[in-house]
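Spelled out, the chains give:
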Amino acid sequence: MPWATDHCKSKKFIADSLTCRVRTSRHHFQITSYGRTDSVNIEDGTCSCRWWQMMGIPCEHGVHALGLVNVDPTTRISEYFTN
């Protein structure tokens, strides 16, 4: 899990530069970065960039959305990476 936690924390630096265009509901966000908009569902742990679903670790879009609702992104890492 240390690798996954470190990776998730490193995404926070990138996430700080992103902007949230629209918060469509309590769990749905549209995050804009570099001219691209990704849809994030923090309840399901999904993002349209597909990183979160494939890796089990929140992507930078997910980290940014989780930060907006004051949730620690390391708590959303897949159980696969836990002891």
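Quick look at the structure, then. (Residues numbered from 1 in each chain as written. Predicted model: local features only at pLDDT ≥ 70, side-chain atom pairs only at ≥ 80, totals over all residues. Heavy atoms only, no water.)

**Looking at the overall build of the protein chain**
Reasoning step 1: Within the protein chain, the regular secondary structure consists of three helices and four strands.
Reasoning step 2: The helix and strand sequence of the protein chain, counted from the amino end, reads α-β-β-β-β-α-α.
Reasoning step 3: The contacts in the protein chain between residues at least 6 apart in sequence include a share of 39% that link residues at least 24 apart. (Helix = DSSP H or I, 4+ residues; strand = E, 2+ residues; numbered from the N terminus. Contact = heavy atoms within 4.5 Å.)

**Focus on unusual backbone geometry**
Reasoning step 1: One non-glycine residue with positive phi stands out, namely Arg50, at about 75°.
Reasoning step 2: Given the relative accessible area of 47%, Arg50 is considered partly exposed. (Buried < 20%, exposed > 50% of the residue type's maximum accessible area, 1.4 Å probe, protein only.)

**Digging into helix 3 (residues 60–68)**
Think of an α-helix as 3.6 residues a turn; residues three or four steps apart then line up on the same face.
Reasoning step 1: The buried fraction of helix 3 amounts to seven of the nine residues, a majority that puts the element mostly inside the structure.
Reasoning step 2: By the burial criterion, the buried members of helix 3 are Glu60, His61, Gly62, Val63, His64, Ala65 and Leu66.
Reasoning step 3: Remark: Asn70 follows helix 3 within two positions and exhibits a positive phi of approximately 60°.

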